[in-house]
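Coordinate analysis (summary)
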Amino acid sequence: MTENAKKIILANPRGFCAGVDRAINIVERALQEFGAPIYVRHEVVHNKFVVDNLKNKGVIFIEDLQEVPENATLIYSAHGVSVEVQKEAEQRGFKIFDATCPLVTKVHREVQRLHDQGYYIIMIGHKGHPEVEGTMGQVDADMALVETVQDVANIKIPNTEKLAHVSQTTLSIDETQDIIDALKQRFPNIKGPNKDDICYATQNRQDAVKDLTTKCDVIIVVGSPNSSNSNRLREVAALRNIPAYMVDNVSFLEKSWFDDKYNIGLTAGASAPEILVTEVLEKLKNWGFLHIEENSGAEENIVFVLPKELRTND
Ligand code: SF4
């Protein structure tokens, strides 16, 4: 191949999903309506650029509600919170806005319903992730967490026929299927959602990367290290034996990654803004990848409405 053939293929869809868009809009609108400071429990979405930008506008990110003063405006991050956190926030009398993604809230409702029906629930997810903490904190009951197929073999659960599983929304589609298969094998009567709980944005972005792996010899994922869905995108490529790197921003790119490469696949996690992709593109152009192609992929037109009090009339 000649140098002239070097190109970048952009994944579609990539970047912001409807839940991230809504969560950031909620914080921006609250800033406009009520002024700084606005308190947000946990990073509103897992992206350093987004979080730093909001900090500069007067948003204070906290993990513990004890850090929030009386009469403050408090927003829950897109990952959701436990019932305990909600109760504490309500008791403290904050003005509260819930930026939990509606698709995470749907899993919360599932957990509550299953618990009311007497099921013991097994969650598939990553230990310590705020979404998992929020979902497992929806009911005042013991739940099991599994992260791998191996965990399924090891978990100890009460002696009951009424077992159900739910999952974090941003997992690897393929790995989750393997875990669900292992759960069904060990517990043939286990009940699951009609479709797994992995959201449309995670599914579409992983499918888009799978497609890129058939066309590219290296893949770059724009995303912050703590972004679950961005990490999964990198893994999807790596599992298909395509070198794949995740970068928080353009400064993390290393020229040597592209030695002897002709087709770079470029994507972004659901919490990474397009401006960061544009900056990466510019750098890659400087390094000789002059042709840019938009790959085709699933069309997304989902929009989640803002809370009533924060909607504008325009
Ligand atoms: S990745 Fe999925 S669950 Fe998370 S905010 Fe986006 S749409 Fe919602």
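The rules behind the values
Residues numbered from 1 in each chain as written. Predicted model: local features only at pLDDT ≥ 70, side-chain atom pairs only at ≥ 80, totals over all residues. Heavy atoms only, no water. Pairing = 2+ DSSP bridges. Helix = DSSP H or I, 4+ residues; strand = E, 2+ residues; numbered from the N terminus. Axes fitted to C-alpha atoms, helices over the stretch in contact; angles between N-to-C directions. Contact = heavy atoms within 4.5 Å. Core = buried A, V, L, I, M, F, W, Y, C linked by side-chain atoms within 4.5 Å. Buried < 20%, exposed > 50% of the residue type's maximum accessible area, 1.4 Å probe, protein only. Domains from an automatic or database assignment. Near = heavy atom within 4 Å. Nonpolar A, V, L, I, M, F, W, Y, C, P; charged D, E, K, R; others polar. Patch = residues over 30% accessible without salt bridge, like charges linked within 9 Å, V, L, I, M, F, W, Y side chains within 5 Å. Areas by Shrake-Rupley, 256 points an atom, 1.4 Å probe, with all protein chains shown as cover. Salt bridge = Lys/Arg side-chain N within 4 Å of Asp/Glu carboxyl O. Lys, Arg positive; Asp, Glu negative; His and termini not counted. Charge placed at Lys NZ, Arg CZ, Asp CG, Glu CD. Buried area = accessible area lost by both parts, 1.4 Å probe. Polar contact = N/O pair within 3.5 Å; in protein donor to acceptor, adjacent residues only side chain to side chain.

**Remarks on the sheet that holds strand E4 (residues 73-76)**
What the four strands build is an open sheet, ordered E3-E2-E4-E5; its pairing is parallel. At either margin of the open sheet sits one strand with a lone partner, and together these are strand E3 (59-62) and strand E5 (95-98). The sheet shows a mean angle of 25° between the axes of neighbouring strands, direction not considered. The pairing of strand E2 (residues 38-41) with E3 spans four bridges and is parallel. Paired with Tyr39 across the strands is Ile60, a residue of E3. Lying over the sheet, helix H1 (residues 18-34) contacts E2, E3, E4 and E5, oriented at roughly 155° with respect to E5.

**Some points on the nonpolar core**
One finds Val40, Val44, Val45 and Ile75 to be the most contacted residues of the largest nonpolar core, which totals 31 residues. Those elements that provide at least two residues to this core are H1, E2, helix H2 (48-56), E3 and helix H8 (200-213). Mapped onto the domain boundaries, this core takes at least three residues apiece from domain 1 (3-16 + 200-294) and domain 2 (18-101). Those residues in contact with Val45 that sit more than four places away from it in its chain are Val20, Ala23, Ile24, Val50, Val51, Ala78, His79 and Ser271. Counting 19 residues, the second largest nonpolar core, distinct from the first, contains Ile8, Val222, Val247 and Ala272.

**Comments concerning the site of the ligand**
Residues in contact with the ligand, as listed here, are Cys17, Gly19, Val20, Cys101, Leu103, Thr169, Thr170, Cys199 and Tyr200. The class makeup of the residues in the shell around the ligand is six nonpolar, three polar and no charged. Residue assignment places the shell around the ligand across two domains, with domain 2 (18-101) and domain 3 (103-186) each supplying three or more.

**Notes on a negative patch on the surface**
Residues Glu63, Asp64, Glu67 and Glu133 make up a contiguous surface patch of negative charge. Mapped onto the elements, Glu133 comes out in helix H5 (residues 130-136).

**Focus: the domain arrangement of the protein chain**
Under the domain assignment, the protein chain is made up of domain 1 (3-16 + 200-294), domain 2 (18-101) and domain 3 (103-186). Here domain 1 and domain 3 have C-alpha centroids that lie 31 Å from each other. Taken together, the contact between domain 1 and domain 3 spans 10 residues of the former and 11 residues of the latter. Of all residues in domain 1, Thr202, Ser228 and Arg232 give up the largest surface area on contact with domain 3, accounting jointly for 45% of the area buried on that side. Taken together, domain 1 and domain 3 are joined by two salt bridges. Between Asp174 and Lys210 there is a salt bridge, with its nearest N and O atoms 3.2 Å apart.

**Observations concerning the sheet that holds strand E1 (residues 7-10)**
In spatial order, the strands read E10-E9-E11-E1-E12; together these five strands make up an open sheet with parallel pairing. This sheet does not close on itself; its edge strands, each paired only once, are strand E10 (244-247) and strand E12 (291-294). Each strand axis lies, on average, 25° off the axis of its neighbour in the sheet, ignoring direction. Pairing of strand E9 (residues 218-222) with strand E11 (residues 263-268), which is carried by five bridges, proceeds in the parallel orientation. From the neighbouring strand, Val222 faces E11, where its bridge partner is Ala268. Contacts between H8 and the sheet are confined to E1, E9 and E11, with E11 contributing the most and set at about 175° to the helix. Packed on one face of the sheet, helix H9 (residues 228-239) meets E9, E10 and E11 and runs near 165° to E10.

**Notes on the environment of His79**
Among the secondary structure elements, His79 is positioned in the loop between E4 and helix H3 (83-92). Here the alpha-carbon distance between His79 and Val132, two residues 53 residues apart in the chain, equals 8.4 Å. Every residue in contact with His79, bar those within four places of it in the chain, is listed here: His42, Glu43, Val44, Val45, His46, Thr100, Val104, His129, Pro130 and Glu131. Of the polar contacts made by the side chain of His79, one reaches the side chain of Ser77; its length is 2.8 Å.

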